[in-house]
Structure formats: C-alpha cells, structure tokens
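Overview (structure and organization)
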Amino acid sequence: MHFIFSDEVVLLFNFWNVHSPTGMALSVLVVLLMAVLYEGIKVGKVKLLYQALASLPTPTHQQQFIEETDGESIGSDLLPDSRTRLRWFLCHFGQSLIHVAQVVIGYFMMLAVMSYNTWIFLGVVLGSAVGYYLAYPLLSMA
C-alpha cells in the first residue's frame, strides 16, 4: 500500500464517502479538529488527575499515630473517610469515561489514516501539532 493524493475516499463509514475537492477539504477539517480534540482530552485527563490527587487529604505520620492510639476518634473518622473514597471513586469513574473517549477518537484517527489518503494523513498530523501547541501550555497553569 502507498499514500495517494486523491479527492475520492471512503472514511470510517460507508456514508462518509468523499467525491469532490470541497468534500475532501471538509473531511480534512473534521479530521484535523478530531486530532485537536484528542490532544485536548489528553491534557484534560492529566489536569483532572492532578486535581483529584490534590483534593485528597494526606495525613501526616503524627496524625496517623494519634488516630491509631485514640480509640474514640475511630468511629468519628469513618464518615470523612467514606466521603473521600466516594470522591475518589467518582473522579476515577470520570477519568475512565474520558479515557474511553480518548481511545475511541484515537482509533478513529488511526482508521482515517489507514485510508492511505495523503490529505487525510496531513490533516491528522497538522491537527495533532495544533492541538499540542494549544493544549500543553494549559498544563503549566494550575
């Protein structure tokens, strides 16, 4: 197989059948935006994980020692601990859904590139570059 320059291609599904230069330009734009979204989701997932970890309480060694020696505080600490676990579960569930969306978009882009159309390939590469350029500075903003 080899890459070809053509304005006729079937992308991902039979109904996405391109037969004109205008259709190819729109398809490249859609694939480009999909690649930008993919990069944005990657950054969003990292930021969500960072916020989830930052919101969890981190007990110090002295607090753990006091909790272990104080028998009365064991019953009173169950409620905040269960809230923390629930919050962690909800964050983890949300991250799992975001991960599924990222994987699906990634496979769609891979299958689009496997059409061996050079224009589609360039749209994916350019979209990844633009997405990286736009999204990764957001990581440094806390």
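In this report, the structure presented in the accompanying data block is examined.

Reading guide: rules and limits
Residues numbered from 1 in each chain as written. Predicted model: local features only at pLDDT ≥ 70, side-chain atom pairs only at ≥ 80, totals over all residues. Heavy atoms only, no water. Helix = DSSP H or I, 4+ residues; strand = E, 2+ residues; numbered from the N terminus. Buried < 20%, exposed > 50% of the residue type's maximum accessible area, 1.4 Å probe, protein only. Contact = heavy atoms within 4.5 Å. Areas by Shrake-Rupley, 256 points an atom, 1.4 Å probe, with all protein chains shown as cover. Expected span 1.5 Å × (residues − 1). Core = buried A, V, L, I, M, F, W, Y, C linked by side-chain atoms within 4.5 Å. Salt bridge = Lys/Arg side-chain N within 4 Å of Asp/Glu carboxyl O.

Examining the overall build of the protein chain
- Each helix and strand in the protein chain was counted, giving six helices and two strands.
- Its helices and strands in sequence order give the protein chain the pattern β-β-α-α-α-α-α-α, from N to C terminus.
- For the protein chain, buried positions account for 25% of its 142 residues.
- Considering only residue pairs separated by 6 or more positions, the protein chain has 75% of its internal contacts joining residues 24 or more positions apart.
- Accessible area of the protein chain: about 10000 Å², with a carbon and sulfur share of 70%.

What to know about helix α1 (residues 21-55)
- In this model, α1 (35 residues) spans 51 Å end to end at C-alpha, consistent with the 51 Å of a helix rising 1.5 Å per residue.
- Taken as a whole, α1 has its buried residues at Met 24, Ser 27, Val 28, Val 31, Leu 32, Met 34, Ala 35, Tyr 38, Glu 39, Ile 41, Val 43 and Ala 52.

Some words on the nonpolar core
- Of all hydrophobic cores here, the largest spans eleven residues; its members are Val 9, Leu 11, Trp 16, Val 18, Met 24, Val 28, Val 31, Ala 112, Val 113, Ile 120 and Val 124.
- At the level of secondary structure, the elements contributing two or more residues to this core comprise α1, α4 (78-113) and α5 (118-135).
- With three residues, the top contributor of residues to this core is α1.
- Leaving out residues up to four positions away in the same chain, Val 9 has contacts with Trp 16, Asn 17, Val 18, Met 24, Ser 115 and Asn 117.
- Counting six residues, the second-largest nonpolar core is a separate cluster that includes Met 34, Ala 35, Tyr 38 and Met 109.

Some details on the pattern of salt bridges
- Applying the stated rule across the entire model yields one salt bridge.
- The closest approach of N and O atoms between Glu 39 and Lys 42, which form a salt bridge, is 3.4 Å. Here Glu 39 and its partner Lys 42 are both found in helix α1, three residues apart, which amounts to about one turn of the helix.

It is worth stressing that arrangement in space is one thing and function is another; only the former is reported here.
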